[in-house]
Amino acid sequence: MPTSATASSSKMLTLPTDQIRQLQWRFAERYDLQMLAQSARAVARSTVAQMVASGERNSHEWTPAKNEMLEAFDRAGITAAFMEPEEGGFISGPKNLALALAAFELAWVDGGAATASLAGFLALAPIHERGTPEQSRRYKALSAPAQPGETRKPWRGAFVLTEPIPYVGVDTGMLSGKVRIAGWPDGEEPWLQVEKRGRFITNIAFANFVTAAVTSDDPRIKGSCVMILEETDEGTFDHGTPTKKLVHQLSSTGDPIFNLKVPASRIVGGYTIEDGALVPKFSHGEVIEAVFRRTRVTVGLMTAAKLLSAVEPVIRYQRSRFRGAEGAKPGTVRYEQGIQQREDALHRLVDVWATGEAAASLGFATARLFDELDPIERQKTAIMAQRGIAGGRAELKALRDSEQRAVELLTMREGDPRKEEIVADPLVQFVLKDAEANVLCPATKLWNTGNGANMMREAVSLMGGYGITEDCPGFLASKWIDAQLEATYEGPEAVQRRQLTVTMTSDVFLAQFRVWTAEMRRVAATHPGTGACTLATGMRMWLWTLEHLQNASDALGSKLYHGQRQGVTFPLADALCWLLASRCQILDVLELEQRGAYDPSVADTVVDTVQFLSDLCHVHTARAAGEVSRICAELVFGYNEHPSWSNQACTSCCFSAVELDELEETMPGIAAMAVDVIEPNGSHPQKAGPCAGCAGASDFLQLQNKLCSCLSGSRLAKDRAAEAVSKVMIPEALDYPA
Amino acid sequence: MSLHIVVCAGIVPDPLQTLEPIAGPNGPALKNEMMLPAVLDPWAASALYEAATLVSKFPGSRLWLVSLGPKAKLQQVMMTIAQKVTFELVAVDSASNGFADASATASALASGIAAIPDLDRTKLLLFGGWESASRGAGVTLQTVGELLGITDQFAGVDQIDMREDGSFEVLERVEGGKHQASVCAGAPAVLGWATGNLPEPHNNPQIGMANMRTVMPALQRAKQAALTNDGQQYLSASLPSQQRQTRVVRDLAPDAIAQELVEWIRTQ
Ligand SMILES: Cc1cc2nc3c(=O)[nH]c(=O)nc-3n(C[C@H](O)[C@H](O)[C@H](O)COP(=O)(O)OP(=O)(O)OC[C@H]3O[C@@H](n4cnc5c(N)ncnc54)[C@H](O)[C@@H]3O)c2cc1C
């Protein structure tokens, strides 16, 4: 009997079009975003691509050509994309998805170009998120690109957190940058002396201002803060030497030195005076948390773009590999299909493609989530201010009740009369979205970049030797090494795993996760070809393992799930990311199927595209489930001590040979079943010890068993996807130079 | 003096795409044409950029872009084109492609233009491409002109110089890489553009957002036009074939290479 897992062969006709992507990533109704994407694409595939092709990446220095690229960004509206229309921008409302799309388009060609465009935003982000209204007005007005008729040069900024070793890196608390009172005239604003050295600072070669994290070196200043420093302030504003980096060379990076006297009004967010001391409104930690929370998502999308950008050049290379050879005449399989005759080449490309889809879906879902969260967060801030609640801790306490209500909502039965009232509560909405964002943001940054870098290596290898040359169409080798930077800056993988360790165990998130698991089971009922069932089982396994680890201890009696125990928490965070990415990938395909049927620009062909993208989902859920199963099994069993031949356990679990002989008389055949037998001379089978039991973990093994059988059909999906990849029509040539 | 310029510009598949003629139910078509990304017809696009420059020089002038094609595809192309210059869109929804009958296309365009409110025919310059990048019949714009009763027509235009009295000088491409200069007493006139002299304007989403206020309503009210082919039949359709003859020769002296080139040129 045919099942959906063996549906008709996949026959997607062309690579996914813009219209398909707009539906999947939910911006088909947003003309502002579509225009931004087109605009960023035009700069990427002309100015940027020509620079890369002509070797502009080969210098560490900031060059006139690189500067020209920034001007092209200004002209194309990319620089102003994060500003409101009255500030010089053209998009109203939250802009997380907008920036994500711009970064995606630029990184499709070159990650450094994307970084260069985003770094200015990063410098302004502390001011945007936490600055006073005056600060926000001043620096945005200065940074806005000149309007037609203006000759003004826009200011560029840099964000200075990281310091020379041994100070700030992964651990952002170890600040050596200092701020002191330089003068405090009676009744006037204090003057501050700011000393800061930066390391690896993006945009620094040409920065006119920076936002720098510093800590107090003066009893009259409390805590830490972020300071705005301008190039013309009194003292030293040394742009420093360029970093000799091997990645993202179209962006500027260097190690600047600052020693400047500035007014206290440059403290981001302002300050109050309490007991004769200056108290910044926001610590540097509070500022950077608000900033990175949003900007990290775009970084994750940069790596996603590269994976998807690799598909077309690899297909073209594979197909044309033997053309021109004597035996390969047009019409022959060798001529038409080239390396695509080989199953492995197709399967590996399917893996790269599926990863790119999952990464893009996860990243765009997170960007959209922040667009939803932004206004709700403002509403929450207003409510808190109304209630006179200020400060992180007081706020957390005040939200505890809303968290409980959120969990209640998530576990509520259909038709519960309280539902409407709880849904309408803005604080409940806030904690729901906040808990989700606290997980999805680090997941995007961690998984897209880290796993993305690994998969970029696969993409490079599909091009053979060509892949690791400068001539490789699509610049795949650069994209591979660039992905390593994306995994590093704005918080390396360790930072993201550390954050997930905390946020993925929040009650609200876990309640949400249970709802998602049930949702995937429902999807599986209507769309078995997506692998949603496999995913749901993987999700259950992850949750089971988390709960198990939170209560279990290791062989030495030490607690397993613990902030310091990164060997437990970090892999579990990794496992979760696989699941989240797969879920978003499936949801995007469902959206495409639903909306595409009514969209005249795709209606004719959407069925085939959905079939192919579903197959990619299936391929990916199988891979995700495999990762989860591997990681969880290691964590569940790996902290138990293996029984040894010598310890006590041995006498209770092993048979002696004599004992077996006796038993054989009453239970014929038992001797053949026993594996761990001790001979009269004390010798035993040559292995580590008697086989370990699975007491307490049989539920896990059952789940693992189920997971294995859930994989049914996933390889058939891969075969189908591979067939589609071997037939899909691609353009004659890449639309950017190589 | 002010001008009313109407630019007729269709859409064509992005030239980098694989274009493969196939036999469709209504005559020839391109394989997967609906899925191929489209661009504004490049010849007509130069007409649009020239028109925008001209309009900006004469205050009170207006610019309409009249485009006939599948509405969904037109919308996609507008996301780029509307960022380049300011115009008012008149969209005609039709399943048109490179094989549509030029005469049917021209009459649909002419009715679209005739229905533009506020269009002053005494100020009208009808712009477009001298041919299309899809098939290159090179007759559509002339026919639209005839249907609208405009008989001063120029083809292969690379330059227009407007004078204060409303007359203008036009440079048209002629054989041998030369231009023919003509002076026209004034509007109305038809100008089928070659490449012109202007670069493609940069995308500017701010212009795009301003244009969208009229572009989206125009797309929504786009009239449907079914193009008849009046018994026109295609016997075959194929792409122009690419020719590449390569010979690998090592260590040839520059003089010998030059000599060979000269001989080749002589035989052409
Ligand atoms: C090209 C480039 C551009 C950059 N741009 C900027 C910028 O504009 N502004 C800015 O402020 N910074 C910038 N950075 C700095 C970047 O953010 C830091 O490099 C990054 O945060 C890591 O710090 P580190 O290099 O000191 O690594 P370290 O802190 O030394 O960490 C190295 C490794 O040690 C391990 N590790 C460290 N701590 C922990 C822990 N607690 N738990 C587990 N493992 C741990 C991890 O494996 C980690 O990857 C940039 C860097 C580069 C390369």
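Computed from a predicted model, the values in this text were never measured in an experiment.

Draft legend 1. Broad picture of the interface of chain B and chain A. Tallying the contact residues gives 25 residues for chain B and 32 residues for chain A. With both sides pooled, the region where chain B packs onto chain A buries about 2,500 Å², and carbon together with sulfur makes up 61% of that total. Of all residues in chain B, the largest losses of buried area upon contact with chain A belong to B:Leu16, B:Met35 and B:Gln76, amounting jointly to 26% of the total for that side. Where chain B packs against chain A, one counts 0 salt bridges. Counting the contacts that link chain B with chain A gives 8 residue pairs in polar contact (both at pLDDT 80 or more). At the level of secondary structure, the elements contributing two or more residues to the side of chain B that touches chain A comprise helix H2 (71-81) and helix H5 (205-220) of chain B. Considering only residue class, the side of chain B that touches chain A consists of 11 nonpolar, 12 polar and 2 charged.

Draft legend 2. Highlighting the packing of helix H7 (residues 284-320) of chain A against helix H9 (residues 343-386) of chain A. All names here are of chain A. Relative orientation of the contacting elements H7 and H9 amounts to 155°, with a least axis distance of 8 Å. One element, H7, and the other, H9, form an angle in the roughly antiparallel class. Of the two possible hands of crossing, H7 and H9 adopt the one that is left-handed. A class-by-class count of the residues in the contact of H7 with H9 yields 18 nonpolar, 5 polar and 5 charged.

Draft legend 3. Quick look at the site of the ligand. Residue and element names in this part refer to chain A. Around the ligand sit 21 residues, and of these Phe159, Thr162, Val170, Arg199 and Phe200 come closest. The side chain of Gln566 places a nitrogen or oxygen atom 3.2 Å from a nitrogen atom of the ligand. In isolation the ligand has 980 Å² of accessible area, and contact with the protein removes 70% of it. Residue assignment for the shell around the ligand shows that the elements contributing at least two residues are strand S1 (157-160), strand S4 (201-202) and helix H14 (493-503). Here the shell around the ligand is built from residues that sort into 10 nonpolar, 6 polar and 5 charged.

Draft legend 4. Fine view of the environment of B:Ser46. With respect to the element layout, B:Ser46 can be found in helix H1 (residues 42-57). As for B:Ser46 and B:Gly128, which are separated by 82 residues in sequence, their C-alpha atoms are 8.4 Å apart.

Draft legend 5. Quick look at the domain arrangement of chain A. All names here are of chain A. As assigned here, chain A comprises domain 1 (20-155), domain 2 (158-291) and domain 3 (647-707). For domain 1 and domain 2, the distance between their C-alpha centres works out to 24 Å. When the two sides are added together, the surface that domain 1 and domain 2 hide from each other amounts to roughly 2,800 Å², 68% of it contributed by carbon and sulfur. Counting every contact that joins domain 1 to domain 2 gives 1 salt bridge. Among the salt bridges present, the one from Arg138 reaches Glu230, with a minimum N-O distance of 2.9 Å. The tally of links from domain 1 across to domain 2 stands at 12 residue pairs in polar contact (both at pLDDT 80 or more). Looking at the side of domain 1 that touches domain 2, the elements with two or more residues in it are helix H2 (31-53), helix H3 (64-75), helix H5 (111-130) and helix H6 (133-143). It is H5 that contributes the most residues to the side of domain 1 that touches domain 2, 15 residues altogether. Tallied by class, residues from the side of domain 1 that touches domain 2 come to 18 nonpolar, 10 polar and 8 charged.

Draft legend 6. Geometry of the pairing of strand S2 (residues 178-183) of chain A. Residues and elements named next belong to chain A. Pairing of S2 with strand S3 (residues 191-197), which is carried by 5 bridges, proceeds in the antiparallel orientation. Note on S3: the bridge partner recorded for Val179 is Val194. Where S2 and strand S5 (residues 209-216) come together, 2 bridges link them in parallel fashion. Of the residues in S5, the one forming a bridge with Lys178 is Thr215.

Draft legend 7. Quick peek at the environment of A:Ala53. Within the element layout of this structure, A:Ala53 appears in helix H2. In this structure the C-alpha to C-alpha distance between A:Ala53 and A:Phe475, which are 422 residues apart in sequence, comes to 8.5 Å.

Draft legend 8. Inspection of a nonpolar patch on the surface at higher detail. Residues and elements named next belong to chain B. A cluster of nonpolar residues, Val249, Leu252, Ile257, Leu261, Trp264 and Ile265, forms a patch on the protein surface that exposes about 580 Å² of accessible area. With respect to the element layout, Ile265 can be found in helix H6 (residues 254-267). Using a relative accessible area of 55% as the deciding quantity, one classes Ile265 as exposed.

Draft legend 9. Seen up close, the pattern of salt bridges. Residues and elements named next belong to chain A. The full count for this structure, using the stated rule, is 58 salt bridges over all chains. Here Arg75 and Glu68 are joined by a salt bridge, their closest N and O atoms 3.1 Å apart. Here Glu68 falls in the partly exposed class, since its relative accessible area comes to 33%. Glu627 is paired through a salt bridge with Arg623; the nearest N and O atoms lie 3.3 Å apart. Taken together, the residues Glu627 and Arg623, both in helix H18 (residues 606-638) and 4 residues apart, mark about one turn of the helix. Taking the relative accessible area as the measure of exposure, Arg623 reaches 37% and is therefore partly exposed.

Cut-off values and rules
- Residues numbered from 1 in each chain as written.
- Chains lettered and ligands numbered in written order.
- Predicted model: local features only at pLDDT ≥ 70, side-chain atom pairs only at ≥ 80, totals over all residues.
- Heavy atoms only, no water.
- Contact = heavy atoms within 4.5 Å.
- Buried area = accessible area lost by both parts, 1.4 Å probe.
- Salt bridge = Lys/Arg side-chain N within 4 Å of Asp/Glu carboxyl O.
- Polar contact = N/O pair within 3.5 Å; in protein donor to acceptor, adjacent residues only side chain to side chain.
- Helix = DSSP H or I, 4+ residues; strand = E, 2+ residues; numbered from the N terminus.
- Nonpolar A, V, L, I, M, F, W, Y, C, P; charged D, E, K, R; others polar.
- Axes fitted to C-alpha atoms, helices over the stretch in contact; angles between N-to-C directions.
- Parallel < 35°, antiparallel > 145°, perpendicular 65-115°, else oblique.
- Left-handed = near helix turned anticlockwise from the far one by under 90°.
- Near = heavy atom within 4 Å.
- Areas by Shrake-Rupley, 256 points an atom, 1.4 Å probe, with all protein chains shown as cover.
- Domains from an automatic or database assignment.
- Pairing = 2+ DSSP bridges.
- Patch = residues over 30% accessible without salt bridge, like charges linked within 9 Å, V, L, I, M, F, W, Y side chains within 5 Å.
- Buried < 20%, exposed > 50% of the residue type's maximum accessible area, 1.4 Å probe, protein only.

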